[in-house]
Amino acid sequence: MPSTDVYLVPGFFGFANLGELKYFGHVREFLRQRSSALGLALRVHAVKTHPTASLPTRAARLLDTIAATAGRATAIHLIGHSSGGLDCRLVMAPDVCLPTLADYRRYTDRVRTVVTVSTPHHGTPVASFFTGLLGQRLLRVLSLSTIYVLRFGRLPIAVLLELGALFTRVDNLGVNSALLDELFGKLLDDFSVGRRRAVQRLFHEVAEDQGLLMQLTPETMDLFNALTHQRAGVRYGSVITRAQPPGVRSTLAAGLDPSAQATHAIYRTLYRLAAQVPRTRRASLSADQVRSLRHAYGALPTIKANDGLVPTRSQVWGEVIHAAQADHLDVIGHFGDPSSAPPHFDWLATGSEFDRVRFEALWTDVLRFIAVGSTQLSGRLRPEKHL
């Protein structure tokens, strides 16, 4: 088997690990278990990137990680979730200049594939909202809530109801810093002393550099795409996500559980924000990309379709490897399946019905894409419908 290094790059506010809380924990385990069946001897690395730093800073961290760990691997593959996919693209841009001393050509010449997962290649309107003072405070609490769910399985009902109420009134809400700080403190107090310190370090790093948010707006991504070209000889593929639109069906799917209904209220607001794509910013799709999306979803997703954070059509870059009915974090294993080992905990009730079977189908398609890139085989992967 050829020696192969795979780098998993987390997205905005992502963490490689926070104690036993692993951003890519489920993905990493699946890739290790299934890769040998496809003739791959994978070494899988989770990149400890800056959570909210600018794209050049994050890309430099990715390159430094590759330089420190790649060894003599004959092939390198990059997989980025959310804005992590932009880090991968920037590292591979010809003649890029990054704030690092690493010789990028020594390593980028060995990269065979770049896989982006739920990545805002054409930006996301949600980024514009979270750059405001209110948005930043809400994002702080929402991010800690996600970490909390991964640790404990669900949020305290009192905090969840308050948070859901805040999001439902977001258009008419002043910056109630005392309430947001109180919710943040309640969540943080439930962690152990050691974990609390780790979380506080993470948020301190976030406070020091928040350049990423502005760079994820649709307007800024126009410039990024104009300057960041694909490298010849590298296969680019994307995993696409579209969540169930909020409505009667998604509300019924959330069930009678007050916690699920509260998170569904948060999801409704996030979905509405992500759907505010100006028609002038509509992503241009090739005929092959349109066919792949129609094959997966039965029809071409509208410009308003999204996964709760990123517009669906904004995620298309290169070959469409897989298109899933899923929310933004479902695809990296954060969906509802607490009975599995290790358990899967959902972040929001979206009614998308993503499960372990669909998770494995998605990442099997990614492994196939990597296998072709490793051996430089010609031809296309046969599209498969897993919805």
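In this report, we go over the structure that sits alongside the text. Everything numeric in this text was worked out from a predicted model, so none of it was measured.

Cut-off values and rules
- Residues numbered from 1 in each chain as written.
- Predicted model: local features only at pLDDT ≥ 70, side-chain atom pairs only at ≥ 80, totals over all residues.
- Heavy atoms only, no water.
- Helix = DSSP H or I, 4+ residues; strand = E, 2+ residues; numbered from the N terminus.
- Rg over C-alpha atoms; globule rule 2.2 N^0.38 Å.
- Buried < 20%, exposed > 50% of the residue type's maximum accessible area, 1.4 Å probe, protein only.
- Contact = heavy atoms within 4.5 Å.
- Areas by Shrake-Rupley, 256 points an atom, 1.4 Å probe, with all protein chains shown as cover.
- Lys, Arg positive; Asp, Glu negative; His and termini not counted.
- Charge placed at Lys NZ, Arg CZ, Asp CG, Glu CD.
- Polar contact = N/O pair within 3.5 Å; in protein donor to acceptor, adjacent residues only side chain to side chain.
- Phe/Tyr/Trp six-rings, centres within 6.5 Å; stacked < 30°, edge-to-face > 60°.
- Lys NZ or Arg CZ within 6 Å of the ring centre and 35° of its normal.
- Expected span 1.5 Å × (residues − 1).
- Arc of directions from axis to C-beta.
- Core = buried A, V, L, I, M, F, W, Y, C linked by side-chain atoms within 4.5 Å.
- Salt bridge = Lys/Arg side-chain N within 4 Å of Asp/Glu carboxyl O.
- Axes fitted to C-alpha atoms, helices over the stretch in contact; angles between N-to-C directions.
- Parallel < 35°, antiparallel > 145°, perpendicular 65-115°, else oblique.
- Left-handed = near helix turned anticlockwise from the far one by under 90°.
- Nonpolar A, V, L, I, M, F, W, Y, C, P; charged D, E, K, R; others polar.
- Pairing = 2+ DSSP bridges.

## With respect to the overall build of the protein chain
The number of helices and strands found in the protein chain is 15 helices and 6 strands. Relative to the compact-globule value of 21 Å for 387 residues, the protein chain shows a C-alpha radius of gyration of 20 Å, a close match. The C-alpha extent of the protein chain, read off along each of the three principal axes, is 55 × 45 × 45 Å. The buried share of the protein chain, taken over its 387 residues, is 58%. Within the protein chain, contacts between residues separated by at least 24 positions form 80% of all contacts whose residues are at least 6 apart in sequence. Taken as a whole, the protein chain presents about 15900 Å² of accessible surface, with 53% of it coming from carbon and sulfur. Side-chain charges in the protein chain split into 43 positive and 32 negative, and the spacing between the mean points of these groups amounts to 4 Å.

## Re the side chain of Asn306
In this fold, Asn306 is placed in the loop between helix H14 (287-297) and strand E6 (319-325). Only 3.2 Å separates the side chain of Asn306 from the backbone oxygen of Tyr271, close enough to count as a polar contact. In contact with Asn306, other than residues within four places in its own chain, are Thr241, Arg242, Ala243, Tyr271, Ala274, Ala275, Pro311 and Thr312.

## A closer look at the packing of aromatic side chains
Scanning the model with the defined rule gives 10 aromatic pairs in all. On the basis of an interplanar angle of 75° and a centroid distance of 5.5 Å, the ring pair of Phe335 and Phe354 is categorised as edge-to-face. Here Phe335, found in the loop between E6 and helix H15 (356-375), pairs with Phe354, found in the loop between E6 and H15; they are 19 residues apart in sequence, far enough to count as distant. Comparing Phe335 with Phe354 shows no difference in burial state: the two are buried. One aromatic cluster in this structure is built from Phe30, Phe335, Phe354 and Phe359. Just above the ring of Trp317 sits the side chain of Arg89; from NZ or CZ to the centre is 3.5 Å. Over the ring of Phe184 we find Arg140, and its NZ or CZ is 3.6 Å from the ring centre.

## Examining helix H8 (residues 177-189)
Taking 1.5 Å of rise per residue, the 13 residues of H8 would be expected to cover 18 Å, and the 18 Å separating its terminal C-alpha atoms lies within 8% of that figure. Residues of H8 that are buried: Leu179, Leu180, Leu183, Phe184, Leu187 and Leu188. In this structure, the buried residues of H8 make contact with helix H6 (133-152), helix H7 (157-168) and helix H9 (193-208).

## A look at H7
With 12 residues, H7 ought to run about 16 Å at 1.5 Å a step, and its terminal C-alpha atoms sit 16 Å apart, in line with that. Among the residues making up H7, those that are buried are Val159, Leu160, Leu163, Gly164, Leu166 and Phe167. Along H7, the residues classed as buried sweep out an arc of 160° about the axis, all on the same side. Buried residues in H7 make contact with H6, H8 and helix H13 (258-274).

## Here's the deal with the nonpolar core
Judged by nonpolar contacts, the single largest core of 104 residues is most densely connected at Leu31, Leu62, Leu78, Ile79, Leu270 and Trp363. Among the elements that make up this core, the one with the highest residue count is H6 (9 residues). Within the second largest apolar cluster, 9 residues are counted, among which are Leu285, Val290, Val320 and Ala323.

## Thoughts on the pattern of salt bridges
As enumerated under the stated definition, the model contains 12 salt bridges in all. We note a salt bridge from Glu360 to Arg356, for which the minimum N-O separation is 2.9 Å. Placement of the pair is Glu360 and Arg356 together in helix H15, with a separation of 4 residues, close to one helical turn. Relative accessible area serves as the criterion here: at 25%, Arg356 is assigned to the partly exposed category. The structure contains a network of salt bridges with shared partners spanning Arg34, Arg356 and Glu360.

## A few points about the packing of helix H3 (residues 84-92) against helix H11 (residues 218-227)
H11 packs onto H3 with a crossing angle of 30° between their chain directions and a minimal axis gap of 11 Å. Between H3 and H11, the angle falls in the class roughly parallel. Crossing hand, H3 versus H11: left-handed. Along its contact with H3, which presents Leu86, Arg89 and Leu90, the element H11 presents Met221, Phe224 and Asn225. Partitioned by chemical class, the residues of the contact of H3 with H11 number 4 nonpolar, 1 polar and 1 charged.

## Quick word on the sheet that holds strand E5 (residues 235-242)
Pairing between sheet strands relies on hydrogen bonds along the backbone, with the strands arranged either parallel or antiparallel. Judged by pairing direction, the sheet is parallel, and its 6 strands sit side by side in the order E2-E1-E3-E4-E5-E6 without closing on themselves. Across the chains shown, the open sheet's two edge strands, defined by having one partner strand only, are strand E2 (41-46) and E6. On average, adjacent strands in this sheet sit at an angle of 15° to one another, irrespective of strand direction. Bridge count between strand E4 (residues 111-117) and E5: 5 bridges; the pairing is parallel. Each residue of the ladder has a partner; that of Thr113, found in E5, is Arg235. With respect to the sheet, helix H1 (residues 25-34) is in contact with strand E1 (3-9), E2 and strand E3 (75-81), its orientation differing from that of E2 by roughly 170°. The strands touched by H14 within the sheet are E5 and E6, with E6 carrying the most contacts at an inclination of about 25°.

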